Amino acid sequence: MIDPAGLASHASPAFLADKVIAMTSAISSRALPYLGYGLGLRVEHYEALLANPGKVQWLEIVSENYMVDGGLPLVWLDRFRERFPLVMHGVSLSIGSTDPLDEDYLARLAALAERVEPAWVSDHLCWTGVQGINLHDLMPLPYTEEALDHVVSRVLRVQDRLKRRILLENVSSYVSFADSQLTEWEFIAAVAERADCLILLDVNNVHVSAQNHSFSSLDYLRGIPPSRVQQFHLAGYEQGEKLIIDTHDAPVSNAVWDLYIEAVRRFGRVSTMIERDDNFPPLSELMSELDHARALAEPLLRDAA
Amino acid sequence: MSSLQSIQQQMLQAVLADRAAKLRAIRSDEIAGAEDRLSVYHHGYRVRLHDALKNEFTGLQCMAGRRFHALLDSYVKVHPSEHYNIRWYGADLPSFLDETQPWCDKPQLAEIAYVDWAISTAFDAEDERSIGMGDLSAVPPNAWANLRLSMQKHLRVLTVSHNVGAFRRAADAGAKRPRLRRFTRARQILVWRKETTVHYRTLDRDEWHVLSAALEGDTFAAMCGRLANHHDEAAAMSRMVLLLQRWLEAGLIHGWATD
């Protein structure tokens, strides 16, 4: 049943429509599995990973890399699908854009999800373009009630289209907006609660944005509801002249490892992966980083148990 | 217009502008001013588009050398990306080079760009079945005259006036840049994919004429007729058999039909 008290504070027609969509959709609210410790799948490591998967328990693919008609990308995808649990991570959903949702994109994403049968599908809490132009970047949103209503309504529509709950990742940002009324963590928590979606918490991105905007990364973690966190990303950054730049092309920093410990303490057992997007080291280096994550998290989880 | 729309449109214009600007909607603080903050996105936009083009146009990079960066700059400046997947950003680069000064003064640049893009699109084109010699043995002897071949949809034939294939081969092999040569007569480069590997080669003149007939949906009799312009009757028949074998082995033929 629709809760009238809940509606009173969000009485916009858009919100009412969202609520109806949410209540009539066939989206499963079943808990998603815990996958352990994984890596982002990149071409540079295809052969090494199949030859020696080591202790890598699952892989995250970049959805757009496989939203193609045929050829080698899909051959590799099928090989990995036979060997590993996969999750899909997109960069082009543009959930915060004021352009209409791209139906062609959603159709291709849905078709890929049908082929891959991933444990889950994620993208970023951001916008990537507007007026039909794509910036191919994870552009931050102003944290306003207007943006919140807008994003929630679109997440509900995407989840309805994909017939599954999605995960949204916090992005690193370099700008903040004079109009913002909420903190970033209040905003992402509100999106998750109102749209009934999940959170992919990029621990590196929390650190980068905290440094760039002078907020406490611990306050951030404390503001995120544990029940919504389904996945962690760990990555590296580059110290710029004034700002920290999220390059995802370096080893995980000590500051991010420290924050990861705090995240494990707060959120418990969460599927964790190392995400490297450039300056690729040998696979063994990423496996060592993954071992380090395991070595930090498992004693805490055992103690907690 | 909503304030969210307004902010997004302002940021879009600021990123696309030649120089990073200052926006009132963005906060400045003691760490960095709004202009410095916005410049991260302004710079990142160009780096990402350049990287995407470098991945797809390796032959062009080999040919353009030190001018490659300026060439990409001029394309990025007038071509915002309209596709959600950055993989498609280079689709208009070949025609841009064909039509835009000063690049169109050197037509070899557009020629190699078309070849690069054909290779790129063949790489992840739709998978299609290829027929073999065994499939063609099912064609009844009296039906061969009216046999029509359907070729792989991703197959491309590109006309070039320069030795652009040598530049792509050099790029693929990480070899030294070859000398540019202009042909006395235009040639055709065939680009296709067999299973998961993309190939390219220069077509013989008679092969191009016969392949064109096949691509246009002509009958086997018409294809043989085109060969008759190059060879006497006996030589034409043996040449046709040779070409057919070559195409079958290369996986160029998707299927066949008779009238």
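For the structure, see preceding data.
Being a predicted model, the structure only gives us computed values, none of them experimental. (Residues numbered from 1 in each chain as written. Chains lettered and ligands numbered in written order. Predicted model: local features only at pLDDT ≥ 70, side-chain atom pairs only at ≥ 80, totals over all residues.)

Colleague: Can you help me understand helix α11 (residues 283-304) of chain A in this one?
Modeller: An α-helix turns once per 3.6 residues; consequently, residues spaced three or four apart project the same way. Residue and element names in this part refer to chain A. Relative to the 32 Å expected for 22 residues at 1.5 Å per residue, α11 spans 31 Å between its end C-alpha atoms, a close match to the ideal helical length. Those residues of α11 that fall on the buried side of the exposure criterion are L283, L286, M287, E289, L290, A293 and A297. Structurally, α11 contributes buried residues whose contacts are with β1 (37-40), α3 (46-51), β9 (229-234), α10 (254-267) and β12 (271-274). (Helix = DSSP H or I, 4+ residues; strand = E, 2+ residues; numbered from the N terminus. Expected span 1.5 Å × (residues − 1). Buried ≥ 20, exposed ≤ 12 C-beta atoms within 10 Å, placed from the backbone. Contact = placed C-beta atoms within 7 Å.)

Colleague: Teacher, can you tell me more about the sheet that holds strand β3 (residues 86-89) of chain A here?
Modeller: In any sheet, the strands associate via hydrogen bonds between backbone groups, in a parallel or an antiparallel arrangement. Residue and element names in this part refer to chain A. Reading around the barrel, the eight strands line up as β1-β2-β3-β4-β7-β8-β9-β12 and close back on themselves, with parallel pairing between neighbours. Averaged over neighbouring strand pairs, the angle between their axes works out to 30° when direction is ignored. Where β9 meets β12, four bridges bridge the pair, whose relative direction is parallel. For L234, the partnering residue across the bridge sits in β12 and is I274. (Pairing = 2+ DSSP bridges. Axes fitted to C-alpha atoms, helices over the stretch in contact; angles between N-to-C directions.)

Colleague: For this particular structure, what's the right way to read the environment of L71 of chain B?
Modeller: For L71 of chain B, the location among the structural elements is in helix α4 (residues 68-78). Residues L71 of chain B and Q61 of chain B, 10 residues apart in the sequence, show an inter-C-alpha distance of 9.5 Å.

Colleague: I tried to follow the sheet that holds strand β3 (residues 182-194) of chain B on my own but got confused; where do I start?
Modeller: All names here are of chain B. Reading across from one edge, β2-β3-β4 is the order of the three strands in this open sheet, with antiparallel pairing throughout. Looking at the sheet topology across the chains shown, the edges are occupied by β2 (156-162) and β4 (197-203). When the angles between neighbouring strand axes are averaged without regard to direction, this sheet yields 25°. Note that β2 and β3 share six bridges and pair antiparallel. Paired with L158 across the two strands is I189, which belongs to β3. Together, β2, β3 and β4 form the strand contacts of helix α6 (residues 107-123), whose direction differs from that of β2 by roughly 155°.

Colleague: For this particular structure, what's the right way to read the nonpolar core?
Modeller: Proteins that are soluble and globular tend to have nonpolar side chains buried together. Counting residues in hydrophobic clusters, the biggest one holds 145 residues, and the most contacted among them are V155 and V191 of chain A together with A113, V115 and V191 of chain B. The contact partners of V155 of chain A, leaving out residues within four places of it in the chain, are I95, I166, V191, A195 and C197 of chain A. (Core = buried A, V, L, I, M, F, W, Y, C linked by C-beta atoms within 7 Å.)

Colleague: What exactly am I supposed to notice about the packing of helix α6 (residues 145-162) of chain A against helix α7 (residues 184-195) of chain A here?
Modeller: When two helices pack together, their arrangement is captured by the angle between the axes and the distance separating the axes. Residues and elements named next belong to chain A. It is the contact of α6 with α7, at a shortest axis distance of 9 Å, that shows an interaxial angle of 40°. Of the possible angle classes, the one that applies to α6 and α7 is oblique. For the pair α6 and α7, the sense of crossing is right-handed. In this structure, α6 uses L148, V151, V152, V155 and L156 to contact α7, whose residues at the interface are F187, A190, V191, R194 and A195. (Parallel < 35°, antiparallel > 145°, perpendicular 65-115°, else oblique. Left-handed = near helix turned anticlockwise from the far one by under 90°.)

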